[in-house]
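Residue-level structure breakdown
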Amino acid sequence: MPLGDKVGWEKSESRYCGVETEFNEDIPQLLSYNISSGGFDFVVAPLMDPTYRPSLVGKDTGRSFVLPFAGSDLVLSPSQWSSHVVGKISSWIDLDSEDETLRKDSETTLNQEIAWANHLSLQACLLPCPKGASCANYARCVNQILQGLNSMQLWLRIPLMKTEQDSMDENSSNLIDSWELWNSFRLLCEHHSQLAIALDVLSSLPSVNSLGRWFGESVRAAIIHTDSFLTNARGYPCLSKRHQKLVTGFFDHSVQVVICGKLVHSSPKASSNVVANNFDNNVESVQGHPLRLYLDYVGFLFQKMDPLPEQERFELGYRDFLQSPLQPLMDNLEAQTYETFEKDSVKYIQYQRAISKALLDRVPDESSITTVLMVVGAGRGPLVRASLQAAEETGRKLKVYAVEKNPNAVVTLHSLVKLEGWEDIVTIISCDMRHWDAPEKADILVSELLGSFGDNELSPECLDGAQRFLKQDGISIPSSYTSFIQPVTASKLYNDVKSHKDLVHFETAYVVKLHNIARLAPSQPVFTFTHPNYTSKRSNQRYKKLQFEIANDAGSALVHGFAGYFDATLYKDVHLGIEPSTATPNMFSWYGFF
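Residues numbered from 1 in each chain as written. Predicted model: local features only at pLDDT ≥ 70, side-chain atom pairs only at ≥ 80, totals over all residues. Heavy atoms only, no water.

**As for the sheet that holds strand β12 (residues 397-404)**
Strands belonging to one sheet form pairs held by backbone hydrogen bonds; the direction of such a pair is parallel or antiparallel. Which entries qualify depends on this criterion: Pairing between two strands is assigned when DSSP locates at least 2 bridges connecting them. Numbering of helices and strands runs from the N terminus, with a helix taken as a DSSP run of H or I at least four residues long and a strand as a DSSP run of E at least two residues long. Every angle, taken between N-to-C directions, lies between 0 and 180 degrees, and every axis is a line fitted to C-alpha atoms, over only the stretch in contact when it is a helix. Should any heavy atoms of two residues lie within 4.5 Å, those residues are considered in contact.
The strand order across the open sheet formed by five strands is β13-β12-β11-β14-β15, and the pairing between neighbours is parallel. The open sheet has two free edges, formed respectively by β13 (426-430) and β15 (470-477), since each of these has just one partner strand. Across the sheet, the axes of successive neighbouring strands diverge by a mean angle of 25°, strand direction being ignored. The pairing of β12 with β13 spans five bridges and is classified as parallel. Within β13, the residue paired with V400 across the bridge is V426. Its contacts with the sheet place helix α12 (residues 345-362) against β11 (370-376), β12, β14 (442-447) and β15, and it is angled at close to 150° to β15.

**Comments concerning unusual backbone geometry**
Each neighbour pair has its own omega, and for I477 with P478 the value is 10°, a cis peptide bond. By the element assignment, P478 lies in the loop between β15 and β16 (480-489). Put simply, H531 and P532 share a cis peptide bond, and its omega is 5°. Position of P532 among the secondary structure elements: in the loop between β19 (524-530) and β20 (535-536). One non-glycine residue with positive phi stands out, namely D320, at about 55°. With respect to the element layout, D320 can be found in the loop between α10 (310-315) and α11 (335-342). The residue K572 is not glycine, and still its phi comes out positive at about 55°.

**Focus: the layout of surface pockets**
Quick reminder of the rule: Buriedness for pockets is judged along seven lines, at least five of which must meet protein on both sides within 12 Å for an open set on the 1 Å grid over protein atoms alone, while cavities are sets there where a 1.4 Å probe fits but cannot get out, and lining residues have an atom within 4 Å of a point. Grid points are joined across faces, edges and corners, and a volume is the space filled by probe spheres set on the points. Classes in brief: Ala, Val, Leu, Ile, Met, Phe, Trp, Tyr, Cys and Pro nonpolar; Asp, Glu, Lys and Arg charged; the others, Gly included, polar.
In this structure, the largest pocket encloses a volume near 960 Å³. If you trace the largest pocket, you find 45 residues lining it, with L326, L333, T337, F341 and E457 closest to the centre. Counting residues per element, the ones that place at least two in the lining of the largest pocket are α11, α12, α13 (382-394) and β12. The element contributing the most residues to the lining of the largest pocket is α11, with six residues. Split into classes, the residues belonging to the lining of the largest pocket amount to 23 nonpolar, 13 polar and nine charged.

**A closer look at the nonpolar core**
Just so we agree on the cut-off: In plain words, nonpolar cores are sets of buried Ala, Val, Leu, Ile, Met, Phe, Trp, Tyr and Cys residues tied together by side-chain atoms within 4.5 Å. In this scheme, a residue with accessible area under 20% of its type's maximum is buried, one over 50% is exposed, and one in between is partly exposed, where area comes from a 1.4 Å probe on protein chains only.
By size, the foremost hydrophobic cluster in this structure holds 78 residues, and its most contacted members are V384, V426, V446, I477 and F594. One finds C189, V201, F229 and M305 within the second-largest nonpolar core, a separate group that totals 77 residues.

**What about the pattern of salt bridges?**
Convention followed: The term salt bridge refers to a pairing of a side-chain nitrogen on Lys or Arg with a carboxyl oxygen on Asp or Glu at a separation within 4 Å.
By the definition in use, this model includes 22 salt bridges. E420 is the partner of R385 in a salt bridge, and the nearest nitrogen-oxygen pair spans 3.3 Å. In this pair, R385 is assigned in helix α13 and E420 in helix α14 (residues 407-420), connecting sequence segments 35 residues apart. Looking at E420, the relative accessible area reads 34%, which means it is partly exposed. When salt bridges with common partners are traced through the structure, they connect E20, K88, R157 and D200 into a single cluster.

Right, here's the structure in full:
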């Protein structure tokens with residue numbers, strides 16, 4: 001059964017934990033032992049007898065040879081094969097061996113096993129780790145196989161080892177650089193979307209930066225060896241703090257855990273008052289399966305995680321999904337789009353705070369002055385409402401012009417004004433802000449034209465056209481905004497763009513709820529726009545060469561693209577933005593750019 005039922009995690013693959021097993025001809029018994037008795041959700045099992053070698057098969061017998069697969073496909077139902085079994089390709093294969101017989105046997109066996117797994121409709125097969133630094137022929141064979149697969153994934157086993165920079169050991173030069181190994185392999189496989197990674201998690205871990213870059217890759221499984229577990233004071237297996245943090249990071253990225261190895265912890269005796277770490281009530285189950293202690297501990301870590309907040313649950317479907325950016329100047333937005341953005345209460349609270357501060361600064365207490373406020377790009381009225389709430393909060397009088405070019409949104413605006421009784425306060429203007437001749441000058445100009453990159457919805461250009469009816473000492477909200485970029489590894493996004501097989505999609509800036517990415521360096525400002533009077537640092541920075549300092553132990557990560565963000569000052573100390581280091585908490589109106 002899954003590791004636990006937690007709100008927001010219902011669709012996460014990381015709820016399921018598997019176990020790596022030895023070859024067994026009796027697959028039903030293997031599943032019964034590990035799933036029904038052991039409590040695991042799936043097995044990673046060899047599909048072929050490990051003693052089989054094509055070159056050893058007698059060719060002069062004249063009889064057809066039946067390959068030693070684990071039973072027939074009839075021993076399980078199709079749904080059992082697809083949901084409970086991950087095929088484990090024979091670990092002896094070495095497609096880059098100098099031994100020609102071994103190389104040919106490896107190639108034949110690889111094709112046979114994957115063809116059989118595909119026939120069974122398995123969701124995935126685990127490929128053995130390349131044997132040496134060279135993997136060109138291995139990658140060529142896998143790439144050829146991938147062209148003919150339907151939906152089955154291939155997980156390449158990669159050891160999560162310390163790199164040479166991480167280790168001070170004098171023998172560190174003999175270590176295989178697992179990151180370089182993966183880079184070489186996937187490049188030769190043309191970044192195929194059905195190729196993923198199964199990371200072997202060992203007792204020692206690389207540096208934080210080295211670990212972080214894997215989260216931008218297509219990691220599907222984390223194989224945790226039993227000898228990576230420590231022993232707590234009560235004799236139960238546990239993981240180090242760094243391992244715990246890594247595993248919870250895997251959970252957050254829908255990576256499934258697989259337990260591998262033999263029991264290396266003695267089973268503590270049950271005690272009536274033993275409730276150590278919330279998982280030792282399962283002591284009796286250890287007798288049924290020796291690795292149950294490790295499964296219970298992984299389940300304990302999963303249960304410790306907080307339920308996903310409502311906002312995160314809402315955004316799950318948008319994670320790492322390419323969306324073309326909105327172009328509200330060219331297109332009239334639909335009602336559903338307005339409704340989505342209007343649900344972002346955090347954004348409008350910030351706008352209300354900024355407008356309140358502006359009113360307090362501009363109008364003395366107990367003054368009868370009426371402030372002229374223009375909302376340019378009023379949509380269906382959320383900024384109009386925020387402005388009037390700010391006036392009520394501060395006790396100031398307002399006269400509001402709501403300027404909106406979308407005739408469909410104007411219909412809703414008229415209904416809102418009538419419903420709220422704002423007819424004497426709010427004047428609705430159905431017009432493009434750049435072409436409107438205002439009857440009077442504004443004290444405060446409020447707009448919401450910021451895109452994911454600060455200026456990608458033509459905020460400076462549109463506001464430049466509207467600022468002619470702002471008073472000389474008028475206030476613009478927002479008053480300034482800065483665009484930032486940051487190099488990222490984002491394997492899924494890169495493959496999604498690449499699948500279109502044209503240059504246009506590579507030159508498109510997409511709006512994305514960035515999740516499975518590795519941020520390779522801190523973001524840097526590109527340009528800043530300041531209002532009123534449309535002053536900009538852009539001209540000075542247009543030809544500025546941005547240089548990113550990428551940490552040595554993450555330096556070989558592929559830069560798949562750049563993430564774009566913005567940070568805006570609405571008024572004085574009231575900020576709004578999505579740049580990671582200063583992002584406004586719990587705001588979902590804007591996702592980053594890719």
